[in-house]
Amino acid sequence: MSEDLKVTATPEGLLFTVHVQPRASRSEICGAKEGELRLRLTSPPVEDAANKQCVELIAKSLGVAKSKVSIKSGAKSRHKVVKVEGVDTDALLSLLKIK
């Protein structure tokens, strides 16, 4: 499943696409599908709440500070490009093996 996730390594960090499902019953990482990391979030998509929870969930799962995770594009979309600093590709892909 992890081989489906498309990760781009840049000097600034790793870039990958996330598909967010807001207003879920619980927050969780669902794995990769069609090149995107799938997330379920309990927050609604209003007032940036889902974006904040997206950043928090990824940061907590990877064991990095929230300041190291940012949404590069797609802040108002379910499909977001996320940048993570200070993590290698193997650490990101091992996150998917947990689920």
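About the cut-offs
Residues numbered from 1 in each chain as written. Predicted model: local features only at pLDDT ≥ 70, side-chain atom pairs only at ≥ 80, totals over all residues. Heavy atoms only, no water. UniProt positions renumbered as here; feature names shortened; annotations may be inferred. Helix = DSSP H or I, 4+ residues; strand = E, 2+ residues; numbered from the N terminus. Expected span 1.5 Å × (residues − 1). Buried < 20%, exposed > 50% of the residue type's maximum accessible area, 1.4 Å probe, protein only. Core = buried A, V, L, I, M, F, W, Y, C linked by side-chain atoms within 4.5 Å. Salt bridge = Lys/Arg side-chain N within 4 Å of Asp/Glu carboxyl O.

Taking an unreviewed UniProt entry as the reference, the protein chain is identified by name as UPF0235 protein GPEL0_01f0715 belonging to Geoanaerobacter pelophilus. The UniProt entry for the protein chain carries the following text under Sequence similarities (unreviewed entry): "Belongs to the UPF0235 family."

Draft legend 1. Helix α1 (residues 49-62), seen in detail. Its 14 residues place the ends of α1 20 Å apart at the C-alpha level, agreeing with the 20 Å of an ideal helix rising 1.5 Å per residue. Those residues of α1 not exposed but buried are A50, N51, Q53, C54, V55, L57, I58, A59 and L62. Where α1 terminates, the next one or two residues include G63, which has phi positive at roughly 75°.

Draft legend 2. Expanded view of the nonpolar core. Counting residues in hydrophobic clusters, the biggest one holds 23 residues, and the most contacted among them are F16, V18, L39, I58 and V84. A total of seven residues in this core trace back to one element, the largest contributor, which is α1.

Draft legend 3. Representation of the pattern of salt bridges. Tallied over the entire structure, the rule returns four salt bridges. Its salt-bridge partner being E28, residue R40 comes within 2.6 Å of it at the nearest N-O pair. Taken together, the residues R40 in strand β4 (residues 36-40) and E28 in strand β3 (residues 28-33) connect sequence positions 12 residues apart. Residue class for R40 comes out partly exposed when judged on its relative accessible area of 33%. In this structure, R38 engages E34 in a salt bridge whose closest nitrogen and oxygen atoms are separated by 3.8 Å. According to the relative accessible area criterion, R38 is partly exposed, its value standing at 21%. Each member of the salt-bridge network shares a partner with another, and the members are R26, E28 and R40.

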